[in-house]
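Inside the fold
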Amino acid sequence: MKVFIAGATGRVAEVTIKHLIQLGHQVTAGARQPERVNPLERVTAVKLDLHASINELSEIVKNHDAIYFLAGSRGKDLLQTDAFGATKLMQAAEASGIKRFILLSSIFATEPEKWSDPNLRHITDYNIAKYFADQWLIQNTNLDYTIVQPGNLIASETGSGKIELNVRKSQPNTIPNVAEVLSTILDKENTYRQIIQMSDGDTPIAQAIATI
Ligand SMILES: NC(=O)c1ccc[n+]([C@@H]2O[C@H](COP(=O)([O-])OP(=O)(O)OC[C@H]3O[C@@H](n4cnc5c(N)ncnc54)[C@H](OP(=O)(O)O)[C@@H]3O)[C@@H](O)[C@H]2O)c1
């Protein structure tokens, strides 16, 4: 498939792109500084700033089969990037006839009653931004979406390749595990219109995803 990545220089995005290439897909890497995108075969870097208008975003993402939103502002630009940037990209997808949309969100972003979890109570503004983006995707689009909600991300060279789904509290996730989930679900129709609440765990990723 021809896949567009928003936030391509991010930690999760860089590993996800590698997985997607290994799976045989072709990647357009959208970044504010395209010169910082890893120069890999089958990856084309393009300029993308999520402050752009829906029309401008549509021009950038057109002619792709799927879009990943893997960007984030680390709390510095929650309204314009994490919230509105995501919803504009969804509208650009619909305007360009792209059906598949994968949104990297955060654990329990759609469940405000769980934001008192000790790992989440200090990031309420972030969760509100993600809630807005997740709910927009669910309520206001006809996209074939999947929302991936991991708990806290852990930098690691390798992942265990094993995860737990339907977690009840926020738990750690190595970035390679999240990237493998993101790339594996691309063409899995059983993950359409689903929220994947995950952490590192004991079930091989492909096996866990097959149960959704
Ligand atoms: N940290 C956690 O524990 C955790 C837990 C669950 C979910 N998440 C989610 O996972 C996401 C990805 O994590 P990560 O560690 O890979 O993030 P990251 O390394 O901070 O990457 C975020 C990417 O978003 C890009 N970006 C920021 N503002 C943008 C804009 N206006 N337009 C276009 N691109 C923009 C950044 O580009 P620049 O390099 O140009 O700034 C960067 O490439 C986070 O944003 C968060 O929503 C995080």
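Residues numbered from 1 in each chain as written. Predicted model: local features only at pLDDT ≥ 70, side-chain atom pairs only at ≥ 80, totals over all residues. Heavy atoms only, no water.

Points about the site of the ligand
The ligand sits among 25 residues. The nearest are Thr9, Val12, Arg32, Arg74 and Tyr126. Side-chain polar atom of Asp49 to a nitrogen atom of the ligand: 3.2 Å apart, as the coordinates give it. In the environment of the ligand, an oxygen atom lies 3.5 Å from a nitrogen or oxygen atom belonging to the backbone of Ala71. Protein contacts shield 86% of the accessible area of the ligand, which totals 920 Å² for the unbound molecule. (Near = heavy atom within 4 Å. Polar contact = N/O pair within 3.5 Å; in protein donor to acceptor, adjacent residues only side chain to side chain. Areas by Shrake-Rupley, 256 points an atom, 1.4 Å probe, with all protein chains shown as cover.)

Focus: helix 5 (residues 175–184)
Counting buried positions along helix 5 yields nine of 10 residues, so the element is predominantly enclosed. Of all the positions in helix 5, only Ile175, Pro176, Asn177, Val178, Ala179, Val181, Leu182, Ser183 and Thr184 are classed as buried. (Buried < 20%, exposed > 50% of the residue type's maximum accessible area, 1.4 Å probe, protein only. Helix = DSSP H or I, 4+ residues; strand = E, 2+ residues; numbered from the N terminus.)

Regarding unusual backbone geometry
The backbone of Phe108 sits at a positive phi, close to 65 degrees, despite the residue not being glycine. With phi around 60 degrees, Arg193 is a residue other than glycine that occupies positive phi space. Assessed through its relative accessible area of 42%, Arg193 is described here as partly exposed.

As for the sheet that holds strand 10 (residues 194–200)
Pairing between the strands of a sheet comes from backbone hydrogen bonds, and it takes one of two forms, parallel or antiparallel. Strand order in the open sheet made by the nine strands is 3-2-1-4-5-6-10-8-11, with mixed pairing throughout. Both outer strands of the open sheet, strand 3 (43–47) and strand 11 (203–204), are each paired with one neighbouring strand and no more. As paired strands, strand 1 (residues 2–6) and strand 2 (residues 26–31) are joined by five bridges and run parallel to one another. Among the inter-strand pairings, Val3 is bridged to a residue of strand 2, identified as Val27. Across the face of the sheet, helix 3 (residues 78–95) comes into contact with strand 1, strand 4 (66–69) and strand 5 (100–104) while running at roughly 175 degrees to strand 4. With respect to the sheet, helix 4 (residues 124–140) is in contact with strand 4, strand 5, strand 6 (144–150) and strand 10, its orientation differing from that of strand 6 by roughly 155 degrees. (Pairing = 2+ DSSP bridges. Contact = heavy atoms within 4.5 Å. Axes fitted to C-alpha atoms, helices over the stretch in contact; angles between N-to-C directions.)

What about the UniProt feature "domain: NAD(P)-binding" (unreviewed entry) in the protein?
If you check UniProt for "domain: NAD(P)-binding" (unreviewed entry), the listed places come out as residues 7–188 in our numbering. Strand forms 19% of residues 7–188 and helix 36%; the C-alpha atoms that close the span are 22 Å apart. (UniProt positions renumbered as here; feature names shortened; annotations may be inferred.)

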